[in-house]
Amino acid sequence: MENLPIFMNLKDRPALVVGGGTVAARKAELLLLAGASVTVIAPRVRNEMRRMIDTGRVVWREQVFGPGLVRGFRIVIAATDNEAVNRLVFEECERHAIPVNVADQPELCSFILPSIVERGPLTLALSTGGRSPILARLLKARLEALIPAGFGHLTELLGRYRGAVKRRFAVQEARRHFWERMLDGPLVQLATSGRIAQAERLIEEALEAGQPAALGEVWLIGAGPGDADLLTLKALRLLQQADVVVHDRLVPEAIVNLARREAERIDVGKCMNRHTLPQEEINRLLVDLAKQGKRVARLKGGDPFIFGRGGEEMEAVIEAGIPCLAVPGITAAAGCAAAAGMPLTHRDHAQSVRFVTGHTKKDDMGLDWRALVAEGQTLVFYMGLANVERICERLMAHGMRPDMPAAIVERGTLPDQRVFEGTLASLPEVARRTEPRSPSLIVVGEVVRLRERLGFVESTSASAADLSLFAA
Ligand code: SAH
């Protein structure tokens, strides 16, 4: 090992920065973060350092660095552009056995400053031994993405219960087991997503019982509109931790396949001779799997709480006493808007947007049509494909202009996405001609017209034209 990594306690301890420039100010900032009392030695200081002095965060000794000045400090960092001064700082520190770092001069360092990933009290330090700061930075970026921000909460929480667990389990081995099993369960997701009260309850129940319950958990994960690149980092992370993935038809294979290879997959959109599993049975399945101690990823198209019956599933899971988390996904409207060039709101054209279910057998579809025809809004109908005609007809009957732009987006965000444009008056005919398949969204509003200005029309209208040729 080239260097011994250590974490140094600098709380209220004297630290010295030599230099008054930008780099020196950054080093002073770092020492302050660690709680040190920082002194700066420099004949002149620049803006950032000047502000730190003026606000009393650091003490300034306005002088040129010289022998004898490092005495009493626990740590010294030099960042001047004067070689001779830098060398003198290093030699002085070595003579007094004080840890010293000279910025950008590895040969004048008795310690190096690592790249840092910080999550509250949890700190990761990364070093390439001065070989390649860029590589360290690259790895740091990856770790930043990999370690959820909530790990700080988790670490705090574990720290708070350390004493209680120690008192409860006298033998060290028992304590280790307790924590290992605890950290293998729902505690991690609860704490990292900020549900601290629930996480605390879990620990307290386990302490009382003498061991963590063998409880699984359910994650309602939004898989987005289809393009796997539109998954959230959290969705991906949980998919890779799940023991079983329960998904429906809307979720493309490419996304289901992002789960761990060993994870069991259950397609509830195809069970029982290609019929969808009834909702109550899906609820029961989720509960049963979690009761077996499994981590269940319930993967749902778009966002779980937008026309996804995610609310019902969560209710059933929580009622069964099983921890449940929801991970939002990009809903079809947002995905299609981006992929088809229709901003859902626009200062000039739409001051609000409504997500409406188009799936109903009732004559008036149970919708408040008068509210839907109001000016300045975009309407997005989910599950409305079978009702295109009725939707357009009802909107016109309640006063919407027949030439109001409207579009159908088929398989939005996917490579074979198609967009069919028309007006309220023409859309039913467009649909008859082009026969869009499910899943498709219907978008009604002035914003449909923006597609052209945003450069989205050429290719898509060409594909619609191709189809009409094909139909003719
Ligand atoms: N929870 C989902 C919606 C489920 S309802 C979400 O937030 O997106 C199913 C309906 O969503 C489909 O009938 C269709 O109207 C719409 N939909 C889902 N994915 C779509 C896609 N890629 N392109 C167009 N519409 C889509």
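For the structure itself, look to the data block above.
From a predicted model like this one, the values you see are computed outputs, not experimental measurements.

Rules behind the numbers
Residues numbered from 1 in each chain as written. Predicted model: local features only at pLDDT ≥ 70, side-chain atom pairs only at ≥ 80, totals over all residues. Heavy atoms only, no water. Near = heavy atom within 4 Å. Polar contact = N/O pair within 3.5 Å; in protein donor to acceptor, adjacent residues only side chain to side chain. Areas by Shrake-Rupley, 256 points an atom, 1.4 Å probe, with all protein chains shown as cover. Helix = DSSP H or I, 4+ residues; strand = E, 2+ residues; numbered from the N terminus. Phe/Tyr/Trp six-rings, centres within 6.5 Å; stacked < 30°, edge-to-face > 60°. Buried < 20%, exposed > 50% of the residue type's maximum accessible area, 1.4 Å probe, protein only. Arc of directions from axis to C-beta. Salt bridge = Lys/Arg side-chain N within 4 Å of Asp/Glu carboxyl O. Pairing = 2+ DSSP bridges. Right-handed = clockwise from strand over helix to strand, strands pointing away. Axes fitted to C-alpha atoms, helices over the stretch in contact; angles between N-to-C directions. Parallel < 35°, antiparallel > 145°, perpendicular 65-115°, else oblique. Contact = heavy atoms within 4.5 Å. Nonpolar A, V, L, I, M, F, W, Y, C, P; charged D, E, K, R; others polar. Core = buried A, V, L, I, M, F, W, Y, C linked by side-chain atoms within 4.5 Å. Domains from an automatic or database assignment. Left-handed = near helix turned anticlockwise from the far one by under 90°.

**Student:** What's the story with the site of the ligand in this structure? I'm lost.
**Tutor:** By nearness alone, 18 residues border the ligand, and Pro 225, Ile 306, Thr 331, Gly 412 and Ser 440 come closest of all. One of the backbone nitrogen or oxygen atoms of Gly 301 is found 2.9 Å away from a nitrogen atom of the ligand. Within the contact set of the ligand, a nitrogen atom lies 2.6 Å away from a backbone nitrogen or oxygen of Ile 306. With the chains in place, 93% of the 550 Å² that the ligand exposes on its own is no longer accessible. Those elements giving two or more residues to the shell around the ligand turn out to be α14 (332–340) and β17 (440–444).

**Student:** Just checking my understanding: could you explain the packing of aromatic side chains for this structure?
**Tutor:** Ring pairs (aromatic) are described by centroid distance and by the angle formed between their planes. Going through the model one piece at a time under the given rule, you end up with five aromatic pairs. Consider the rings of Phe 178 and Trp 179, whose centres lie 5.5 Å apart with planes at 70 degrees: the pair is edge-to-face. Owing to a relative accessible area of 3%, Phe 178 belongs among the buried residues under this scheme. Ring centres of Trp 369 and Phe 381 lie 6.5 Å apart, and the angle between their planes is 25 degrees; this geometry places the pair in the stacked category. Of this pair, Trp 369 sits in helix α15 (residues 369–372) while Phe 381 sits in strand β14 (residues 377–382), placing them twelve residues apart in sequence. Of the two residues, Trp 369 and Phe 381, both sit in the buried class.

**Student:** Help me understand helix α16 (residues 388–397), please; the structure alone is not making it clear to me.
**Tutor:** Turn by turn, an α-helix covers 3.6 residues, leaving residues three or four places apart pointing in a common direction. If you check which residues of α16 are buried, you get Val 388, Ile 391, Cys 392 and Leu 395. With its buried residues spanning 95 degrees around the axis, α16 presents them on a single face. A positive backbone phi angle near 110 degrees is found at Gly 399, which sits one or two residues after α16.

**Student:** Sorry if this is basic, but what is going on with the pattern of salt bridges here?
**Tutor:** Close approach of charged atoms lets side chains of opposite charge pair. By the definition in use, this model includes 27 salt bridges. With its nearest N and O atoms 2.9 Å apart, the salt bridge here joins Arg 309 to Glu 312. Taking the relative accessible area as the measure of exposure, Arg 309 reaches 44% and is therefore partly exposed. A relative accessible area of 35% means that Glu 312 is categorised as partly exposed. Salt-bridge contacts for Asp 403 lead to Arg 401; the nearest nitrogen and oxygen are separated by 2.8 Å. By relative accessible area, Arg 401 is classed as partly exposed at 30%. By sharing partners, the salt bridges in this structure join Asp 184, Asp 243, Arg 260, Glu 262 and Arg 295 into a single network.

**Student:** Can you walk me through the pairing of strand β3 (residues 58–61) in this structure?
**Tutor:** One face of the sheet, then the other: side chains in a regular strand alternate in exactly this way. Note that strand β2 (residues 37–41) and β3 share four bridges and pair parallel. Pairing of Val 38 across the sheet is with Val 58, part of β3. In this region the chain leaves β2, passes through helix α2 (residues 47–54) and returns to the parallel neighbour β3; the handedness of that crossover is right-handed.

**Student:** Sorry, what's going on with the packing of helix α1 (residues 22–33) against α2 here?
**Tutor:** Helices that pack against each other are described as a pair by the angle of their axes relative to one another and the distance between those axes. Interaxial distance between α1 and α2 falls to 7 Å at its minimum, and their mutual angle equals 40 degrees. When the axes of α1 and α2 are compared, the pair comes out oblique. Residues Thr 22, Ala 24, Ala 25, Ala 28, Glu 29 and Leu 32 of α1 form the contact with α2, whose participating residues are Glu 48, Met 49 and Met 52. Residues belonging to the contact of α1 with α2 are distributed by class as follows: six nonpolar, one polar and two charged.

**Student:** I tried to follow the nonpolar core on my own but got confused; where do I start?
**Tutor:** The tendency in soluble globular proteins is for nonpolar side chains to be buried as a group. In this structure, Phe 178, Met 182, Ile 221, Leu 239 and Leu 299 are the most contacted members of the largest nonpolar core, which totals 35 residues. Looking at this core element by element, the count peaks at five residues for helix α8 (residues 196–209). There are two domains that each give this core at least three residues, and those are domain 2 (151–209) and domain 3 (217–330). Residues within four places of Ile 221 in sequence aside, it is in contact with Ala 235, Leu 238, Leu 239, Ala 297, Arg 298, Leu 299, Lys 300, Pro 304 and Val 327. Counting 23 residues, the second-largest nonpolar core is a separate cluster that includes Val 356, Met 404, Leu 427 and Val 444.

**Student:** Whenever I open this one, the packing of helix α5 (residues 151–168) against α8 confuses me. Can you help?
**Tutor:** Viewed as axis vectors pointing N to C, α5 and α8 meet at an angle of 20 degrees, and their least axial separation amounts to 11 Å. By the angle between their axes, α5 is roughly parallel relative to α8. In the crossing of α5 with α8, the sense of the turn from one axis to the other is right-handed. Packed against α5, whose contacting residues are His 153, Leu 157, Arg 160, Tyr 161, Ala 164, Val 165 and Arg 168, the element α8 presents Ile 196, Ala 199, Glu 200, Ile 203, Glu 204, Leu 207, Glu 208 and Ala 209 at the interface. The class makeup of the residues in the contact of α5 with α8 is nine nonpolar, one polar and five charged.

**Student:** Help me understand the sheet that holds β3 in this model?
**Tutor:** Neighbouring strands of a sheet are bound in pairs by backbone hydrogen bonds; such pairs are parallel or else antiparallel. Strand order in the open sheet formed by five strands is β3-β2-β1-β4-β5, and the pairing between neighbours is parallel. The strands lining the two open edges of the sheet, one partner per strand, are β3 and β5 (100–102). Along the sheet, successive strands turn relative to each other by an average axial angle of 20 degrees, direction set aside. Sheet strands in contact with α1 are β1 (14–18), β2, β3 and β4 (75–78), and its direction is about 170 degrees off that of β1.

**Student:** Can you help me understand the sheet that holds strand β13 (residues 352–357) in this one?
**Tutor:** One open sheet accounts for five strands, arranged β13-β14-β17-β15-β16; its pairing is mixed. Sheet topology places β13 and β16 (418–423) at the edges, where each strand pairs with a single neighbour. Here the average twist between neighbouring strands, direction ignored, is 20 degrees. Pairing geometry for strand β15 (residues 405–410) and β17, over five bridges, is antiparallel. From the neighbouring strand, Ala 406 faces β17, where its bridge partner is Val 444. Taken strand by strand, helix α17 (residues 427–434) contacts β15, β16 and β17, and its axis lies near 145 degrees from that of β16.

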